Amino acid sequence: MKVLAAGVVPLLLVLHWKHGAGSPLPITPVNATCATRHPCHSNLMNQIKNQLAQLNSSAKALFILYYTAQGEPFPNNLDKLCSPNVTDFPPFHANGTEKARLVELYRIIAYLGASLGNITRDQKVLNPSAHSLHSKLNATADVMRGLLSNVLCRLCSKYHVAHVDVAYGPDTSGKDVFQKKKLGCQLLGKYKQVIAVVAQAF
Amino acid sequence: MALFAVFQTTYLLALLSLRTYESEVLSEPLPLTPESLKVSVNSTCQCLHLQWTVHSLAYHQELKMVFQIQISRFKTSNVIWVENYSTTVKQNQVLHWSWESELPLECAAHFIRMRSVVDDSRIPESGFWSNWSSWEEADAQNLLGHDPLFVFPKDKLVEEGSNVTICYVSRIHQDNISCYLEGVQIHGEQLDRSVTAFELKNVSFIRKKGTNVFCKMEQGGVLGGIVLFVSKVLQEPKDFSCETQDLKTLTCTWDPGSDTGLTKQPSQSYTLFESFSGKRTLCKHRNWCNWQVAQDSQETYNFTLLAENYLRKRSVSILFNLTQRVHPMTPYNLFPKNVGATNATMTWKVHSIGNNSTLLCQLELLTEEKVIQQHNVSIKVNGEYLLSELEPDTEYVARVRCAYTKHFWKWSEFISQKFNTAEAAPSEAPDVWRNMKMVSGHPTVSLFWKPLSKVHANGKILFYNVTVENLDKPSRLEVLSIPAPARSTELTLDQCSYQIHVTAHNSVGPSPASVIVVSGDPGNEEVEKGRVNGTEDGFSVSWKPQSGDATGYVVEWCDGPQDLPCVLQWKNLGPNTTSTVISSGAFRPGVRYNFRIYGISTKRMAHLLEKKAGYLEELAPSDNPQVVMSNLTSHSFTLSWKDYSTESQPGFIQGYHVYLKPKAGEQCHQAFEKTVLPEDSVCCKYTIDNPEQKTFVVENLQPESVYEFFVTPYTSVGEGPLDAFTKVTTPDEYSHILIRIILPMVFCVLIVMIICYLKSQWLKEKCYPDIPDPYKSSVLSLIKSKENPHLTIMNVNDCVPDAIEVINKPEGSKIQFLGTRKSLTETEFTKPAYLYLLPTEKNYSGPGPCICFENFTYNQAASDFASCGHFPVTPQAPPPQLGPLTSPENLLKALEQNYMNSLGEIPAGEANLNYVSQLASPTSGDKDSLPTNPPEPALCSEYKMQMAIPLGLASAPPRENSSLSSTTLLGQGEHCS
């Protein structure tokens, strides 16, 4: 529940700030009608591609900034501490249909958004003076929110998908400081790896 | 009977059991074993928490007991801790005890057991320990996950300087696990097969966000770590004090010391607790806190300030009376009122403290950041004070602070206010001095005055009035107004005496007048000159008192060196003063300063008394004179340096040293002394002790010897720099005689050479002419005199020119005679024409041998052309227009006149008439002897080059047709004669 309070809930509030915001995503029937509050952008896929490219271009810098801020042993032991061994990370199949890829993208971005929320929260406590890292994390989260909105809009407008089941990463609030740093590093390493594949797929 | 027996038996049994109970509880020691022992692990504080009960206690019974607790690590036999815990135990009470482990509990299993003993005075024989409880195991390792490597304790928070034990638990039993702190490997002790502990002693603060401590396996890519937080030690608050400004709110302040805040731990908090009222407040700031004074007129307060963080608490207390801690607020509305030139009234207000409280206020007056007045005033709310004895036109700062009168604790902060007093008329006359000089024959006085000091100016000086009054004849006063900040003026006077008044004016009025009397006489009288010695303090100038009445003296000097414009300075002195010290920051060592001492008469007129010159510090001369050497003889020479000025030297010149280096082996003359120069060379030195003697004759020298001399002045400090010596060589003793002979001879030879050069042409003609003139030959006279007195020489008229070839020039070129440049004719010729120069046809002898000359000097082309064989002499009638030339006399005359000097004046190519060949013509005046009918030419010779032929070698000239005439041809024709 802590993860919901700290990372996921604010994200969902932003993404779904409309009637019923704050409640879990309803599981609607597949054939249910889908309506968006605002009309989707005419060139939505280009927007999605651009946002993915933007994330991809900044992922490496974010990763470096993160592990540098954690201090030793992180910068010199990336293979041991920051390897992208995130077991429950949503899968992505680049050769799937556009709808399938969009759904998987939605799950990935939702997962990453929640995890970034946790990381941002932790780093503000653990590294209060790492302002550039905080700024980069916030900027990435902003782009992810926009991307998530666009993906949902695309799913809704073209494929009439009103909701997607999503999963979130582990809650780090109860973990020790070293473990928080390590989990954050692993997540950002995974993010850097995945976002390259996803950006290539679109 | 049976019933009785049963009753009796029951009674006895009951009695027996009661007896047994009493013996157990009251008289016999009862072993009260701890029961229900439970052990729990608290990882946060690395504590083992124990709880148990003692069930054997009677109801409402309280016993003081001692529990002995044993703690073993890894195995029960490895006891690491034994402690006796004393407490009072009630029936069914759950007892608690905690133990903090140095080794993180996750790294080792711990076993705990305990036993007890009654330690109560009510039970005298109670010294028996109970049995041990069974071992209870506390093993936090069971809670770990499946990671291969764990490091503990997690997120440990310790104080700086404390000891920390870190351990790791390895699921893979490897030896090659290394641990690091801040990049430095740490070494520990292996406690178990899979557990190693590291003891960090006296840890220090590194950073607020903690320090990563990690262990890693060299193989397997496994790394585990923790973050260790080291906090600074919480310090006791310093300088804790409380005070009030209005008896309503207390403000307590303190010095918090170091901030102990970390990522893991917030900064220390401060709580203020007042013991009399029992109130407390959590302070929002690190170093101050407000406390509301209660309305119940509490006067005494006992405050305790408690500082605490996660690790420690610190406290400090103070006890005080409220009225003794009054620190009034800063006064306000401080203003000057009725500001005059010498006084001003200051008003201000204070914040009231309680009811009818009196404040003691201190009013200070400052100028130039110095307190010059201080006044104490007791007020309630409004303050007012009259400041007097102020200086006009002066900026002052007034400031006020106040204190509680009842119990002085602290002054309030100052409030300050600037103000300026009004101006007043200048209080003192300007200090005036004069300098007399003649400008264009008129006495001119330059008046100087010093600006009034701020104390005497009493405001900004706007202008100076100079009033000139003629003392000798009544006239109108002349008033000059000179705007400030001028400090001098110049007046042109006549021979009369004048009284001059100088006043300084500001916006309020004039100053008293400064009076000085001058006369038309510049006063260049000769007075005594002396010297004055300079000291560190300046020049100590003294003079003889003026005979008669003197109202004072003035010493005048220039601040700068002599070669700079004079900045006139003067100093007024009283009538009884005969000495003073002149000091100035402008005085420099090595500069001559001239002082003039004037006496001021009762008529305010100044008379020059003495002149003094001196140096603040004499220096050695900086340069040497330019020495001129003269009168060099074989035995002496004279040195002079008359241009050397002794006045502009860095010290009084006392004389000169003349150094002379004699030739090797020569001794110094008697007047010289032998001395050794710095470069170890020996020379002779002569000392001239008269600075005005600027010539010196070096005598007694050896002829034909080299001497070196050098002249340097000296002062009391030393002599001038050692320059290069000048070499001089004494001449031979007889050389002057030789010079007297040789020079005139050389002069005469030169004269002769010049004359010869100038008369060379004449000589040439006389001695070796290019073409010898037989008439001028001395041979002739010899022949005549010795052999044949009738012998004659062929006259030039014997050779008659035969023809002139005139080249027709299509451009109509003018034909000129060379030399005369006179136009011969304007006639154009289409063919080469031959001009017959023979006067008659009959004289023509027809074609025959001819004489042909070729002169390369004039025209090489023409000479190439010239060929005797191609030069026909065709008899033709001469053109009538050439009449004037047909006369042989005319032609010969022209030729004679232009011979030798005409050709060179006309460049070849310019003249139309080209002179191809030339005959030496007899130019002597023997024209009368020329035969009228010259003989026909009998020979034809070819003459290639003109050259001088010695008379002896020359062949005999042909008698009849020798070349005694010359013909000039115009144009590029050919010539033959």
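Each chain carries its own residue numbering, running from 1 in the written order of its sequence. Each chain gets a letter, beginning with A, and each ligand a number, beginning with 1, in the order they are written. Reporting in this predicted model follows two pLDDT cut-offs: at least 70 for local features of residues, and 80 or more for side-chain atom pairs to be given and counted; totals over whole chains, interfaces and linings ignore these cut-offs and use all residues. No hydrogens and no water enter the side-chain calculation; it runs on all heavy atoms of the structure.

Per an unreviewed UniProt entry, chain B goes by Oncostatin-M-specific receptor subunit beta and derives from Physeter macrocephalus.

An unreviewed UniProt entry lists chain A under the name Leukemia inhibitory factor, with Physeter macrocephalus given as the organism. UniProt positions are given in the numbering used here, feature names are shortened, and annotations may be inferred rather than shown by experiment. Under the UniProt heading Sequence similarities (unreviewed entry), the note attached to chain A is "Belongs to the LIF/OSM family." Taken directly from UniProt, the Function (unreviewed entry) text for chain A runs: "LIF has the capacity to induce terminal differentiation in leukemic cells. Its activities include the induction of hematopoietic differentiation in normal and myeloid leukemia cells, the induction of neuronal cell differentiation, and the stimulation of acute-phase protein synthesis in hepatocytes."

## Quick word on the overall build of chain B
Secondary structure is summarised from DSSP: a helix means a run of H or I of at least four residues, a strand means a run of E of at least two, and numbering begins at the N terminus for each. Per the secondary structure count, chain B includes eight helices and 58 strands. Should any heavy atoms of two residues lie within 4.5 Å, those residues are counted as being in contact. Nonlocal contacts in chain B, meaning residues at least 24 apart in sequence, comprise 68% of its contacts between residues at least 6 apart. Per element, the accessible surface of chain B, about 53,400 Å² overall, is 52% carbon and sulfur. Only the protein chains shown count as cover for residues, with accessible areas throughout obtained via the Shrake-Rupley method and a probe of 1.4 Å.

## A short note on the overall build of chain A
Each helix and strand counted, chain A has six helices and zero strands in total. The order of helices and strands in chain A, counted from the N terminus, is α-α-α-α-α-α. Relative accessibility thresholds used throughout: buried, under 20% of the residue-type maximum; exposed, over 50%; partly exposed, between the two (1.4 Å probe, protein chains only). Within chain A, the fraction of its 202 residues that count as buried is 47%. Here the contacts in chain A between residues at least 6 apart in sequence split such that 81% fall between residues at least 24 apart. Only carbon and sulfur atoms are counted for the fraction: they give 56% of the accessible area of chain A, which is about 9,600 Å².

## Considerations on helix α2 (residues 44–69) of chain A
All names here are of chain A. The end-to-end C-alpha separation of α2 is 36 Å, in line with the 38 Å expected for 26 residues at 1.5 Å each. Taking the largest bend as the criterion, α2 deviates by roughly 35 degrees, centred on Ala 59. Just beyond α2, the residue with positive phi is Gly 71, at close to 80 degrees. Given a helix with a known number of residues, its expected span is that number minus one, times 1.5 Å. We define the bend at any residue as the angle between the axes fitted to the seven residues before and including it, ending there, and the seven starting there.

## Considerations on the sheet that holds strand β30 (residues 415–420) of chain B
Where strands meet in a sheet, backbone hydrogen bonds hold them as pairs that are either parallel or antiparallel. All names here are of chain B. Strands are labelled as partners when DSSP assigns at least two bridges between them. Reading across from one edge, β27-β26-β29-β30 is the order of the four strands in this open sheet, with antiparallel pairing throughout. For this open sheet the edge positions go to β27 (370–379) and β30, each flanked by a neighbour on one side alone. Averaged over all pairs of adjacent strands, the angle between strand axes in this sheet comes to 20 degrees, irrespective of strand direction. Alignment of strand β29 (residues 395–404) against β30, held across six bridges, turns out to be antiparallel. From the neighbouring strand, Glu 395 faces β30, where its bridge partner is Asn 420. Orientation is described by axes fitted as lines to C-alpha atoms, over the contacting stretch for helices, and by angles from 0 to 180 degrees between their N-to-C directions.

## Considerations on the state of the cysteines
Residue and element names in this part refer to chain B. Put simply, a disulfide is two cysteine sulfurs that come within 2.5 Å. Summed over the entire model, instances satisfying the criterion amount to eight disulfides over all chains. There is a disulfide in this structure between Cys 45 and Cys 47, and the S-S distance comes to 2.4 Å. Sulfur-sulfur distance for the disulfide between Cys 283 and Cys 289 comes to 2.3 Å. Looking along the S-S bond of the Cys 283-Cys 289 disulfide, the torsion reads about -100 degrees, which is the left-handed sense.

## What about the nonpolar core?
Take the buried residues of types Ala, Val, Leu, Ile, Met, Phe, Trp, Tyr and Cys, join any two whose side-chain atoms come within 4.5 Å, and each joined set is a nonpolar core. In terms of nonpolar packing, the biggest core is built from 60 residues, with Ile 48, Leu 188, Tyr 191 and Phe 202 of chain A touching the most fellow members. Of all the secondary structure elements, the ones that give two or more residues to this core are α2, α4 (98–126), α5 (131–159) and α6 (177–201) of chain A together with β16 (223–231) of chain B. For this core, the leading source of residues is α4 of chain A, giving 12 residues. Counting 30 residues, the second-largest nonpolar core is a separate cluster that includes Val 432, Leu 452, Ala 457 and Ile 482 of chain B.

## Side note on the packing of α2 of chain A against α5 of chain A
All names here are of chain A. Axis separation between α2 and α5 bottoms out at 9 Å; the angle between their running directions is 155 degrees. Considering their axes alone, α2 and α5 lie roughly antiparallel with respect to each other. As α2 packs across α5, the resulting crossing turns out to be left-handed. In this classification, Asp, Glu, Lys and Arg are treated as charged, Ala, Val, Leu, Ile, Met, Phe, Trp, Tyr, Cys and Pro as nonpolar, and every other residue, Gly included, as polar. Here the residues of the contact of α2 with α5 sort into 17 nonpolar, eight polar and two charged. To sort the angles, those under 35 degrees are grouped as roughly parallel, those over 145 as roughly antiparallel, those from 65 to 115 as roughly perpendicular, and the leftovers as oblique. In this scheme, a crossing is called left-handed if the near helix is turned counterclockwise away from the far one by less than a right angle; it is called right-handed if the turn is clockwise.

## Digging into the UniProt feature "transmembrane region" (unreviewed entry) in chain B
The UniProt entry lists residues 737–758 of chain B under the feature "transmembrane region" (unreviewed entry), expressed in the numbering used here. Along residues 737–758 of chain B one finds 100% helix and 0% strand; the C-alpha atoms at either end are 32 Å apart.

## Structural notes on the interface of chain B and chain A
Bring the parts together and some accessible area is lost; that lost area is often taken as the interface size. Each partner contributes residues to the interface: chain B has 16 residues there, and chain A has 18 residues. Note on definitions: salt bridges are taken to be side-chain nitrogens of Lys or Arg within 4 Å of carboxyl oxygens of Asp or Glu. Connecting chain B to chain A are one salt bridge. One salt bridge in this structure joins Asp 176 of chain A and Lys 154 of chain B, with 3.9 Å as the shortest N-O distance. In the analysis that follows, any N or O atom pair within 3.5 Å is treated as a polar contact, provided that within protein one partner can donate a hydrogen and the other can accept it, and provided that, for residues neighboring in sequence, both atoms belong to side chains. One can count seven residue pairs in polar contact (both at pLDDT 80 or more) joining chain B with chain A. Elements with a contribution of two residues or more to the side of chain B that touches chain A: β15 (211–217) and β16 of chain B. When its residues are assigned to classes, the side of chain B that touches chain A shows seven nonpolar, five polar and four charged.

## Structural notes on the side chain of Thr 580 of chain B
Residue and element names in this part refer to chain B. Tracing the chain through its elements places Thr 580 in strand β42 (residues 579–582). Looking at Thr 580, the relative accessible area reads 9%, which means it is buried. A distance of 2.8 Å separates a polar atom in the side chain of Thr 580 from a polar atom in the side chain of Lys 571. Setting aside anything within four residues of it in sequence, one finds Thr 580 in contact with Phe 539, Ser 540, Val 541, Trp 543, Val 555, Lys 571 and Leu 573.

## Some thoughts on the sheet that holds strand β7 (residues 136–138) of chain B
All names here are of chain B. Taken in spatial order, the four strands make up an open sheet running β4-β3-β6-β7, and their pairing is antiparallel. The strands lining the two open edges of the sheet, one partner per strand, are β4 (79–90) and β7. Strand-to-strand twist of the sheet, defined as the mean angle between neighbouring strand axes without regard to direction, takes the value 30 degrees.

## Examining the environment of Ala 620 of chain B
Residue and element names in this part refer to chain B. Summarising the element assignment, Ala 620 is placed in the loop between β44 (606–615) and β45 (628–630). Taking the C-alpha atoms as reference points, Ala 620 and Tyr 714, 94 residues apart in sequence, are found 6.6 Å from one another. Leaving out residues up to four positions away in the same chain, Ala 620 has contacts with Pro 650, Thr 715, Val 717, Gly 718 and Glu 719.

## Brief notes about the confidence of the model for chain A
Interpretation of the predicted coordinates at a detailed level should be avoided for regions scoring low in pLDDT. For chain A, the mean per-residue pLDDT works out to 82, and 82% of the residues sit at or above 70. Every residue carries a pLDDT, the predictor's confidence in it, which falls somewhere between 0 and 100. Scored below 50 in pLDDT, residues 1–31 of chain A makes 41 contacts in the model with residues more than four places away or belonging to other chains.

## Remarks on the environment of Val 86 of chain A
Relative to the helices and strands, Val 86 of chain A is located in the loop between α3 (78–81) and α4. Residues within four places of Val 86 of chain A in sequence aside, it is in contact with Tyr 111, Gln 186, Leu 187 and Lys 190 of chain A.

## Considering the packing of aromatic side chains
Pairing of aromatic side chains here covers Phe, Tyr and the six-membered ring of Trp, requires ring centres within 6.5 Å, and sorts the geometry by plane angle: under 30 degrees stacked, over 60 edge-to-face, intermediate tilted. What the rule picks out here adds up to 37 aromatic pairs over all chains. Arranged with centres 4.9 Å apart and planes meeting at 70 degrees, the rings of Phe 89 of chain A and Tyr 111 of chain A form a pair that is edge-to-face. Here Phe 89 of chain A, found in the loop between α3 and α4, pairs with Tyr 111 of chain A, found in helix α4; they are 22 residues apart in sequence, far enough to count as distant. Under the relative-accessibility criterion, Tyr 111 of chain A is labelled buried at 1%. With a centroid separation of 5.8 Å and 5 degrees between ring planes, the pair formed by Tyr 301 of chain B and Phe 303 of chain B is classed as stacked. The exposure class assigned to Tyr 301 of chain B is buried, which follows from its relative accessible area of 1%. Phe 303 of chain B gets classed as buried once you look at its relative accessible area, which sits at 0%. One aromatic cluster is present, formed by Phe 539, Trp 557, Phe 587, Tyr 593 and Phe 595 of chain B through successive ring pairs. For Arg 113 of chain B, the ring lying beneath its charged end belongs to Trp 132 of chain B, and the centroid distance is 4.2 Å. We call a charge positioned over a ring when the NZ of a Lys or the CZ of an Arg lies within 6 Å of the ring centre and within 35 degrees of the ring normal. Here Arg 325 of chain B stacks its cationic end above the ring of Trp 409 of chain B, 4.4 Å away from the centre of that ring.

## Examining the packing of α2 of chain A against α4 of chain A
Residues and elements named next belong to chain A. In contact at an axis separation of 13 Å, α2 and α4 are set at 35 degrees when each is read in the N-to-C sense. In the packing of α2 onto α4, the handedness of the crossing is left-handed. For the pair α2 and α4, the contacting residues are Met 45, Ile 48, Leu 52 and Tyr 66 in the first and Glu 98, Leu 102, Leu 105, Ile 119 and Gln 123 in the second. The residue makeup of the contact of α2 with α4, split by class, is seven nonpolar, one polar and one charged.

## Details of unusual backbone geometry
Residue and element names in this part refer to chain B. Residue Pro 153 is bonded to the preceding Phe 152 through a cis peptide linkage, with omega at 0 degrees. Within the secondary structure, Pro 153 sits in the loop between β8 (149–152) and β9 (157–159). With an omega of 10 degrees, the peptide bond between Ala 484 and Pro 485 qualifies as cis. Here Pro 485 shows up in the loop between β34 (478–483) and β35 (488–492). Here the phi dihedral of Asn 700 falls at roughly 60 degrees; this positive angle occurs in a residue that is not glycine. Its place among the elements puts Asn 700 in the loop between β50 (695–698) and β51 (706–714).

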